[in-house]
Amino acid sequence: MGNETQMELDLRGRDFLAMADYAPEEIRYLIDQAIELKRKQKAGEVYQPLKGKTLGMIFEKSSTRTRVSFEVGIYQLGGQGLFLSKNDIQMGRGETIWDTAQVMSRYLDGIMIRTFAHRNVIELARGATVPVINGLSDQSHPCQALADYQTILEKKGKLAGLKIAYIGDGNNVAHSLMMGAAKLGLHIAVATPEGYEPNPVETKMARDNAAKYGGQVTICRDPREAAEDADVVYTDVWASMGQEAEQREREVAFKGYQVNEALMKHAKPDYVFMHCLPAHRGEEVSEGVMDGEHSIVFDQAENRLHAQKAIMAATM
Ligand code: CP
Ligand code: NVA
């Protein structure tokens, strides 16, 4: 992708539910906007296109990064955020998502939701007349992927042609990364134990997009095969939110899938290590890799702020 990514794209009113919904040039546009908003913020330039606007933030699950970065992000853009724990609103007592969406659209200018079933995100977007942003569902985590590709571009100076090794659970984070790689022209090699592969529907969608846009999606068993010559090595927790009861069983299944110094010998000498966080040190990643010189996890976490500001500024 060349200079055409610099043009202004009109994304007003659009939801941000999944990487699948955005064309490669739209994803690249949001990344470029995120980089520009980051520059503005570091330079102390005030930029408040969302003055007087309010983002509602519905949380059904815990969060550190998503909550803080959305709340600070909307504030920096001139608006305000409203934290809505599911248990404190009537949705937690059975008011339908549709009705909630209708009512909230009368007050708010945008809604972010973190939930379990992805159909909740879709239902909210269907009922809302304001943009809805997926702040993580069991199926996907597109805000994370957008910030991740921003981070990779900043660190490596390019996206197309790079190899990402994703080692661990074929979960929400893996799905969004796969779709991003497919659309942006990267090769993503996913290594998981048997039974923990990415959802086949997500894999097929990512592969179809890869065929169209020049990316590549491979799924394998052996973490060394995935890590071989990787520019980026990525992992996530073995038990996601809502899977706490499977923790023990998963620790057994994922034995041999830890991202550690021995495995990293297979990656390129200048590889970067990424993790969406929160990390379980000593489980999916060794302390040494997490704190090592290749780790860019906190730059990655910071970029959640800039990437989500780009989404909000563009859609709201
Ligand atoms: N990576 C991420 O979404 O972190 P939180 O769960 O803390 O929001
Ligand atoms: N896969 C993890 C990501 C947390 C940001 C989870 O869903 O809990």
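Described in the following lines is the structure provided in the data block. Here the structure is a predicted model, which means the values were calculated and not measured.

1. Observations concerning the packing of helix α1 (residues 24-42) against helix α5 (residues 142-156)
Remark: α1 packs on α5, axes separated minimally by 10 Å, with the N-to-C direction vectors making an angle of 70°. If you check the angle between α1 and α5, you find them roughly perpendicular. The two elements α1 and α5 meet at a crossing, and its hand is right-handed. Here α1 contributes Ile 27, Arg 28, Leu 30, Ile 31, Asp 32, Ala 34, Ile 35 and Lys 38 to the contact with α5, which in turn contributes Leu 146, Tyr 149, Gln 150, Leu 153 and Glu 154. Considering only residue class, the contact of α1 with α5 consists of eight nonpolar, one polar and four charged.

2. Notes on the site of ligand 2
Close contacts around ligand 2 come from Leu 136, Asn 171, Asn 172, Val 173, Asp 236, Ser 240, Met 241 and Leu 277, and that covers them all. Residue Ser 240 places a side-chain N or O atom 2.7 Å away from a nitrogen atom belonging to ligand 2. Relative to its unbound accessible area of 270 Å², ligand 2 is 94% covered by the protein chains. The site holding ligand 2 turns out to be the largest pocket. For the shell around ligand 2, a count of residues per class yields four nonpolar, three polar and one charged.

3. Concerning the side chain of Thr 100
Here Thr 100 is to be found in helix α3 (residues 97-107). For Thr 100, the residues in contact, after removing those within four places along its chain, are Met 91 and Glu 95.

4. Some details on the packing of aromatic side chains
Enumeration over the complete set of coordinates arrives at six aromatic pairs. Judged by centre distance (5.6 Å) and plane angle (10°), the rings of Trp 238 and Phe 254 are stacked. A residue pair is termed long-range when its members are at least 10 positions apart, and Trp 238 in the loop between β8 (232-235) and α9 (247-253) and Phe 254 in the loop between α9 and α10 (261-264) qualify at 16 residues. Neither Trp 238 nor Phe 254 differs from the other in exposure class; each is buried. Taken together, the ring pairs in this structure connect Tyr 196, Trp 238, Phe 254 and Tyr 257 into an aromatic cluster. Above the face of the Tyr 47 ring, Lys 40 is positioned so that its terminal group lies 4.8 Å from the ring centre.

5. Thoughts on the nonpolar core
In this structure, Phe 16, Leu 30, Tyr 149, Ile 188 and Met 312 are the most contacted members of the largest nonpolar core, which totals 56 residues. Counting residues per element, this core draws most heavily on helix α6 (residues 172-184), which supplies eight residues. Beyond its immediate stretch of four places on either side in the chain, Leu 30 contacts Leu 11, Phe 16, Tyr 22, Leu 146, Ala 310, Ile 311 and Ala 314. Among the nonpolar cores identified, the runner-up in size contains 25 residues, and Ile 167, Ala 230, Leu 277 and Val 285 belong to it.

6. Things to note about the site of ligand 1
With respect to spatial proximity, the complete set of residues near ligand 1 consists of Ser 63, Thr 64, Arg 65, Thr 66, Arg 114, His 141, Gln 144, Cys 276, Leu 277 and Arg 304. Contacts to ligand 1 include Thr 66, whose side-chain N or O atom sits 2.7 Å from an oxygen atom. A distance of 2.9 Å separates a nitrogen atom of ligand 1 from a polar backbone atom of Cys 276. Protein chains bury 95% of the 260 Å² of accessible surface belonging to ligand 1 in isolation. When grouped by side-chain class, the residues that make up the shell around ligand 1 number two nonpolar, five polar and three charged.

7. Comments concerning the pattern of salt bridges
Per the counting criterion, the structure on display carries 23 salt bridges. In this structure, the salt-bridge partner of Arg 28 is Asp 32, at a minimum N-O distance of 3.1 Å. Taken as a pair, Arg 28 and Asp 32 lie in helix α1 at a separation of four residues, close to a single helical turn. Neither Arg 28 nor Asp 32 differs from the other in exposure class; each is buried. One network of salt bridges, with partners in common, ties together Glu 36, Arg 39, Lys 40 and Glu 45.

Calculation criteria
- In this numbering scheme, every chain counts its residues from 1 along its sequence in written order.
- Chain letters start at A and ligand numbers start at 1, both assigned in the order the entries are written.
- It should be noted that, the model being predicted, local features are given only for residues of pLDDT at least 70 and side-chain atom pairs only at 80 or more, the latter also being counted only at that level, while totals for whole chains, interfaces and linings use all residues.
- Only heavy atoms go into the side-chain values, all of them from the structure, while hydrogens and water stay out.
- Helix axes are fitted only over the stretch in contact, all axes being lines through C-alpha atoms; the angle between N-to-C directions runs from 0 to 180 degrees.
- Numbering of helices and strands starts at the N terminus; helices are DSSP runs of H or I of at least 4 residues and strands are runs of E of at least 2.
- An angle counts as roughly parallel when it lies under 35 degrees, as roughly antiparallel when it exceeds 145, as roughly perpendicular when it falls between 65 and 115, and as oblique in every other case.
- It is the rotation of the near helix from the far one that decides the hand of a crossing: anticlockwise by less than a right angle makes it left-handed, clockwise makes it right-handed.
- Should any heavy atoms of two residues lie within 4.5 Å, those residues are considered in contact.
- Put simply, Ala, Val, Leu, Ile, Met, Phe, Trp, Tyr, Cys and Pro go in the nonpolar bin, Asp, Glu, Lys and Arg in the charged bin, and everything else, Gly too, in the polar bin.
- We call a residue near a molecule or strand whenever a single non-hydrogen atom of that residue lies within 4 Å of it.
- Each polar contact in these results corresponds to two N or O atoms within 3.5 Å; when the atoms are within protein, one needs to be able to donate a hydrogen and the other to accept it, and residues that are neighboring in sequence are counted only if both atoms are side-chain atoms.
- All accessibility values rest on the Shrake-Rupley procedure with a 1.4 Å probe; residue burial counts only the protein chains present in the view.
- Cavities and pockets are found on a 1 Å grid laid over the protein atoms alone: a cavity is a set of points where a 1.4 Å probe fits but cannot escape, a pocket is an open set with protein on both sides within 12 Å along at least five of seven lines, and a lining residue has an atom within 4 Å of such a point.
- For a molecule to be placed in a cavity or pocket, more than half of its atoms must lie within 2 Å of the grid points of that cavity or pocket.
- Aromatic rings from Phe, Tyr and Trp, with only the six-membered ring used for Trp, were paired whenever their centres fell within 6.5 Å, and each pair was classed as stacked if the ring planes differed by under 30 degrees, edge-to-face if by over 60, and tilted otherwise.
- Each residue gets one of three labels from its accessible area relative to the maximum for its type: buried under 20%, exposed over 50%, partly exposed in between, using a 1.4 Å probe on protein chains only.
- Distance and angle both matter: a charge sits over a ring if NZ of Lys or CZ of Arg is within 6 Å of the ring centre and within 35 degrees of the ring normal.
- In this description, a nonpolar core means a group of buried Ala, Val, Leu, Ile, Met, Phe, Trp, Tyr and Cys residues linked to one another through side-chain atoms lying within 4.5 Å.
- A pairing counts as a salt bridge when a side-chain nitrogen of Lys or Arg comes within 4 Å of a carboxyl oxygen of Asp or Glu.

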